[in-house]
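A structural walkthrough
Each chain is listed here by its residues.
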Amino acid sequence: MLFCWYIFFYLFLMLFFPFYYRIASKIKLNTLLREVVVLFLLYRLIVKVFVFFHLPASFELITWFPMAICAYLCAKYNVLGIVFSFLLEQKHQIVRILSGIGLIITAYFIMAEKWEIGVFYSCWICIPVAVVGLYLTGLQYVKWFDRLFSLLGRYSMNIWMFHSIFFCIYTREVFQPIGFLPKNPILVVCWVLLLCTVVSVLLDIIQKRVKGLISNIFHQLKG
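Definitions and cut-offs
Residues numbered from 1 in each chain as written. Predicted model: local features only at pLDDT ≥ 70, side-chain atom pairs only at ≥ 80, totals over all residues. Heavy atoms only, no water. Helix = DSSP H or I, 4+ residues; strand = E, 2+ residues; numbered from the N terminus. Buried < 20%, exposed > 50% of the residue type's maximum accessible area, 1.4 Å probe, protein only. Areas by Shrake-Rupley, 256 points an atom, 1.4 Å probe, with all protein chains shown as cover. Phe/Tyr/Trp six-rings, centres within 6.5 Å; stacked < 30°, edge-to-face > 60°. Expected span 1.5 Å × (residues − 1). Bend = angle between axes of the 7 residues up to and from the residue. Contact = heavy atoms within 4.5 Å. pLDDT = per-residue confidence, 0-100. Axes fitted to C-alpha atoms, helices over the stretch in contact; angles between N-to-C directions. Parallel < 35°, antiparallel > 145°, perpendicular 65-115°, else oblique. Left-handed = near helix turned anticlockwise from the far one by under 90°. Nonpolar A, V, L, I, M, F, W, Y, C, P; charged D, E, K, R; others polar. Patch = residues over 30% accessible without salt bridge, like charges linked within 9 Å, V, L, I, M, F, W, Y side chains within 5 Å. Salt bridge = Lys/Arg side-chain N within 4 Å of Asp/Glu carboxyl O. Core = buried A, V, L, I, M, F, W, Y, C linked by side-chain atoms within 4.5 Å.

Once that is clear, we can look at the overall build of the protein. A tally of regular secondary structure across the protein gives 10 helices and zero strands. Listing every helix and strand of the protein by position from the N terminus yields α-α-α-α-α-α-α-α-α-α. The proportion of buried residues among the 223 residues of the protein is 26%. Taken as a whole, the protein presents about 15,800 Å² of accessible surface, with 74% of it coming from carbon and sulfur.

Printed below as a string of structure tokens:
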């Protein structure tokens, strides 16, 4: 495979969700239950097509597409916002703090025991759990913490896509020496994250300008 599996997965999501959103808006899928049913049926259909035609990243699509669907539904219906609003109310302050501490402890045990899912997958589970836990304990009121995670969240998809250049077999010989410049493992992670974030910000600027240019061309053609 020329690219890492998630490049195909990323492209698939970029094509699928705008198309699905337009269809859902036209047929008025405006309740969570309806969307869950429709997306589940679409998921089953798409997986069968990918497997039947042996398309790239078929296994990964089966594994990770449900998570993308959950993320879409949580964002559209503000599920986390509702949960946080409940927990952040003054009368539930003790519940909020205890929930945050509980999540941090859970993240620790996931990493310590690995729950037979391996180091790689345990990292992907425990980091979001720990971040939510820290949020609930009140660190969102620390300005630099809030700004940092808001920035990373805004460009997270591109950061996730770009980090593959450091271990893809076609690019790692060029980019790994750059990534390992700091020598220290913790500094390497911070350095690579910084590089991916900068590139993601630049890409976002280019994307917005290209979209604006294309939009202007269409307006001129219509006019």
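Moving on: the packing of aromatic side chains. In the structure shown here, the tally under the stated rule is 13 aromatic pairs. Following the ring pairs from residue to residue traces out a cluster consisting of F12, F16, F17, Y20, Y43, F50, F65 and Y72.

What follows covers helix α3 (residues 58-76). A rise of 1.5 Å per residue sets the reference length of α3, with its 19 residues, at 27 Å; its end C-alpha atoms lie 26 Å apart and thus fit the reference within 8%. The largest bend along α3 reaches roughly 40 degrees and is located at W64, with the proline P66 sitting one to four residues downstream. Considered for burial, the residues of α3 that qualify are S58, L61, W64, F65, A68, I69, Y72 and L73. Following α3 by one or two positions, N78 has its phi on the positive side, about 50 degrees.

Within the secondary structure layout, N158 lies in helix α8 (residues 156-162). N158 has contacts with Y10, S200, L203 and Q207, leaving out every residue within four places of it along the chain.

On average, residues of the protein score 77 in pLDDT, and 73% of them reach the 70 mark or higher. Highest mean pLDDT in the protein belongs to helix α9 (residues 172-179) (90); lowest belongs to helix α6 (residues 118-136) (59).

Attention now moves to the packing of helix α2 (residues 32-52) against α3. Between α2 and α3, the shortest axis-to-axis distance is 10 Å and the interhelical angle comes to 160 degrees. Taken together, the axis directions place α2 and α3 in an arrangement best described as roughly antiparallel. Along this stretch, α2 crosses α3, giving a crossing that reads as right-handed. From α2, L32, E35, V36, L39, Y43, I46, V47, F50 and V51 reach across to α3, where they touch S58, L61, I62, F65, P66, I69, Y72, L73 and K76. Counted by class, the contact of α2 with α3 contains 15 nonpolar, one polar and two charged residues.

Let us look at a nonpolar patch on the surface. There is a patch of nonpolar side chains on the surface, built from I206, V210, L213, I214, I217, F218 and L221 and spanning about 690 Å² of accessible area. Residue class for I214 comes out partly exposed when judged on its relative accessible area of 40%.

Quick look at the nonpolar core now. Core analysis: the biggest nonpolar cluster contains 25 residues, and F9, F12, F16 and F65 have the highest contact counts within it. Listing elements by their share of this core, those giving two or more residues are α1 (5-26), α2, α3 and α8. Here this core gets 10 residues from one element, more than from any other, and that element is α1. In contact with F16, not counting residues within four places along its chain, are L39, L42, I46 and F65.

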